[in-house]
Structures are given as C-alpha cells and as structure tokens.
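A look at the structure
So you can see what is in the structure, the chains are spelled out below.
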Amino acid sequence: MAGKGKGFQIFSNIIMILLSASAVLPFVLLVVSSITSEATITKYGYSFLPRDIDFTAYQYLFMSGGKILRSYGMTIIVAGIGTTLNICMTMAIGYLLSKRDLPGRNLISFFIFFTMLFSGGMIPGYIVWSQVMHVSDTIFGLICPNLMMSAFNVILMRTYFTTNVPVELCEAAEMDSCSQIGILIHISIPLSKPMISTLSLFAMLAYWNDWINGLYYLVRNKDLYTIQNVLNTMQNNVQFLKDYASSGMGDFASSIPSLGVRMAIAVISIVPIMVAYPFFQKSFVRGIVIGGVKG
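Keep in mind the model is a prediction, meaning the values are calculated, not measured.

**Some thoughts on the nonpolar core**
Judged by nonpolar contacts, the single largest core of 35 residues is most densely connected at L61 and Y207. Elements supplying a minimum of two residues to this core: α3 (56-62), α4 (65-97), α7 (140-143), α11 (193-209), α13 (227-244) and α15 (258-294). Top element by residues in this core is α15. It accounts for 8 residues. Other than its neighbours up to four places away in sequence, Y207 contacts V78, A79, G82, T83, L142, I143, L147 and M148. Residues Y160, L184, I196 and L199 belong to the second largest nonpolar core, which totals 15 residues.

Rendered as structure tokens:
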C-alpha cells in the first residue's frame, strides 16, 4: 500500500509540474518574444531563448511615456471605482435575495437570471447609455455599461449568504434591535470575505481588460482612454505604418517591430495583474473551494 501511495504521489507531482509549466511557459515565450528583434522572429520564429536581444518594441511604446502613464492612472481609477460599485451592488442585492421572507423574492431572482440568457443586444444598449443616460465622453462611460453589475455574481453572492451565514446569528442580531444594514455590515460581510475577494478580483480583471467601453463611448475625449485603449491604438498605428507607409517612410516603417510591439503590449498590460494577484490568491482559492462545495 505504501508503494502504491508513493507511486500516486510521484504521478501527481509530475502532472502538477506539467500543468505549472503549461501556465508559465507561454508567459516566458511572451516576454522573450517582446525583447527579440523583428528580423530574428521573422527568420527563426518564436523561441524560449532570445537569439538577438532588442528593446526597440519597448522604446516605441515608451516614446509616448506620458500617455501610457496617464492611461495607467485612468485604468486604476476606473478599476477602483468600478470594482467598488460592482461589489457594493452585488452584496446589497445578493443579501436581499438571501432573505427567504422577502416579498417577490422568486420573481426578482427570475428576472435577474433571465438577463443571463437574453438581452436587448449591443445596439439598444448603446442607444440607452449614450442617448438616454448620456455617459458618452465621460468616465461613467467606462464604468457603467456592461461591467457595473453581473447577474452571475449576484447569484453567487446570494448563494454564499444563504449557505454560509447562519440564520440563527441574523435572527439573534434582529432580536437585539440590529437593522438589516447593520446585519449586512457587521455579520454577513465579515463572514463572506473569501467570496467578496473572489468577486472583487473578477470585477477588477473585467475593468482592467476592458477596451470595448472606451471604443464605443469615448468619441472625442481621448484623454479618458485606459491602458487597453491606448495600447490598442498604438498597435493599430503600427499596423497602419506597416501596410500603408509611403515610399518616403518605408525605412522608418520597416524598422518598427510589429510582432515585438504586440508582445510588448501584452507584457505591459498583464504585469500589474500579476503583481496584484498574489494579494488575492489566498482568499480567491478559499472562495472558489467553498463555493464549489456548498454552492
């Protein structure tokens, strides 16, 4: 039996090593490709070891250093405000729906679930946000449409409150004249930190990676561009110079590393998330495990 247990442990370790390598190696290839010269990539293809180190791609990006720093700041502001609003609304609605004596609870839950299956579509949504809510060319155009509320997250939060917050504890607080807001703040939220951290990470990633809202709702005010919009614009500019450069700009256009720029753009956009993730990892894993067992 001991031999079988040891053999299974070795097999499990090999599988975990392979899975870890499959997650790490693509990022290594991404970084190496971003510092490899365009000619080397074109001639030899992508490699895990750089043949000819060249930082031209990063030099091209940081030629607009002020624009990138400003867009980073805007992304942090949008992600911070958007994640806070997202979590506050998710917790409030999830807490209400976790109350079994709430009038119309099943009907409200049905309407929330219905939005996960059917929606008005992109064009009606754009008309509502731009012509009725007037969020175009404002920071609210980056925060409100599509990302400020998630029906799936509301259902997860409701389920977590229902299964992991003892009803007896809430009833005891009510007997002590504690309001529903007090129960939410002092009892439900402290007991739900793993799930809140998990949903906060989901919301932050959604805001950080979003560029659709900037594309649709920032028509004239380009100063509000987030890092994703700025990097997407730079990539389009590189492709434009490659495809449509005039004869007088041919040498300049050919010197711009389009492949390397794409890789550098990916590195710049992913590094902050990699730095932030370890701070959420413990709560994230715990929230996923508890949700998977009791959800």
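**Describing empty space enclosed by the protein**
Taken as a whole and assessed by the stated rule, the structure comprises 2 cavities of 30 Å³ or more. There is about 60 Å³ of room inside the largest cavity. The wall of the largest cavity is formed by S33, T36, T40, I41, G45, Y46, S47, L49, P50 and R51. Looking at side-chain class alone, the lining of the largest cavity contains 4 nonpolar, 5 polar and 1 charged residues.

**With respect to the side chain of T198**
Among the structural elements, T198 can be located in helix α11. Side-chain polar atoms of T198 contact the backbone oxygen of P194, separated by 2.9 Å.

**Looking at the packing of helix α8 (residues 151-164) against α11**
The contact between α8 and α11 brings their axes to 10 Å, and the two run at 170 degrees. Comparing their axes, α11 and α8 come out roughly antiparallel. Residues N153, L156, M157 and Y160 of α8 lie in contact with α11, whose contacting residues are P194, M195, I196 and L199. Each residue belonging to the contact of α8 with α11 can be placed in one class, and the counts come to 7 nonpolar, 1 polar and no charged.

**Points about unusual backbone geometry**
The phi torsion at N146 lies on the positive side, around 70 degrees, for a residue other than glycine. Here N146 shows up in the loop between α7 and α8. We note that S177 has phi near 70 degrees; this positive angle belongs to a residue other than glycine. Looking at the secondary structure, you find S177 in the loop between α9 (167-175) and α10 (180-191). With relative accessibility at 68%, the residue S177 sits in the exposed group.

**Digging into the packing of aromatic side chains**
Inspection of every chain in the model, using the stated rule, returns 7 aromatic pairs. Seen from their ring centres, Y126 and Y217 are 5.4 Å apart, and the 25 degrees between their planes marks the pair as stacked. A residue pair is termed long-range when its members are at least 10 positions apart, and Y126 in helix α6 (residues 122-132) and Y217 in helix α12 (residues 212-217) qualify at 91 residues. A relative accessible area of 2% means that Y217 is categorised as buried. Of the aromatic side chains, those joined through ring pairs into one cluster are F110, F111, F114 and F118.

**Looking at the packing of α10 against α11**
It is the contact of α10 with α11, at a shortest axis distance of 5 Å, that shows an interaxial angle of 75 degrees. Put simply, α10 runs roughly perpendicular to α11. Across the interface between the two elements, I189, P190 and L191 from α10 touch K193, P194 and I196 from α11. Along the lines of polarity and charge, the residues of the contact of α10 with α11 split into 5 nonpolar, no polar and 1 charged.

**Here we look at a nonpolar patch on the surface**
A cluster of nonpolar residues, L107, F110, F111, F113, F114, M116, L117, F118 and F152, forms a patch on the protein surface that exposes about 930 Å² of accessible area. For the nonpolar patch, the element with the most residues is helix α5 (residues 105-117), which contributes 7 residues.

**As for the layout of surface pockets**
Volume-wise, the largest pocket comes out at about 640 Å³. Forming the boundary of the largest pocket are 21 residues, of which T115, S119, W129, N146 and M149 lie nearest the centre. Of all the secondary-structure elements, those providing two or more residues to the lining of the largest pocket are α5, α6 and α12. For the lining of the largest pocket, the class distribution of residues is 14 nonpolar, 7 polar and no charged. The computed volume of the second largest pocket comes to approximately 300 Å³. Mapped by element, the contributors of at least two residues to the lining of the second largest pocket are α8, α9 and α10. With 4 residues, α9 is the largest single contributor of residues to the lining of the second largest pocket. Residues of the lining of the second largest pocket, tallied by class, amount to 6 nonpolar, 4 polar and 5 charged.

Here is what the cut-offs are and how they apply
- Residues numbered from 1 in each chain as written.
- Predicted model: local features only at pLDDT ≥ 70, side-chain atom pairs only at ≥ 80, totals over all residues.
- Heavy atoms only, no water.
- Core = buried A, V, L, I, M, F, W, Y, C linked by side-chain atoms within 4.5 Å.
- Buried < 20%, exposed > 50% of the residue type's maximum accessible area, 1.4 Å probe, protein only.
- Helix = DSSP H or I, 4+ residues; strand = E, 2+ residues; numbered from the N terminus.
- Contact = heavy atoms within 4.5 Å.
- 1 Å grid on protein atoms, 1.4 Å probe; cavity = no way out; pocket = protein on both sides within 12 Å on 5 of 7 lines; lining within 4 Å.
- Points joined across faces, edges and corners; volume = space filled by probe spheres on them.
- Nonpolar A, V, L, I, M, F, W, Y, C, P; charged D, E, K, R; others polar.
- Polar contact = N/O pair within 3.5 Å; in protein donor to acceptor, adjacent residues only side chain to side chain.
- Axes fitted to C-alpha atoms, helices over the stretch in contact; angles between N-to-C directions.
- Parallel < 35°, antiparallel > 145°, perpendicular 65-115°, else oblique.
- Phe/Tyr/Trp six-rings, centres within 6.5 Å; stacked < 30°, edge-to-face > 60°.
- Patch = residues over 30% accessible without salt bridge, like charges linked within 9 Å, V, L, I, M, F, W, Y side chains within 5 Å.
- Areas by Shrake-Rupley, 256 points an atom, 1.4 Å probe, with all protein chains shown as cover.
- Salt bridge = Lys/Arg side-chain N within 4 Å of Asp/Glu carboxyl O.

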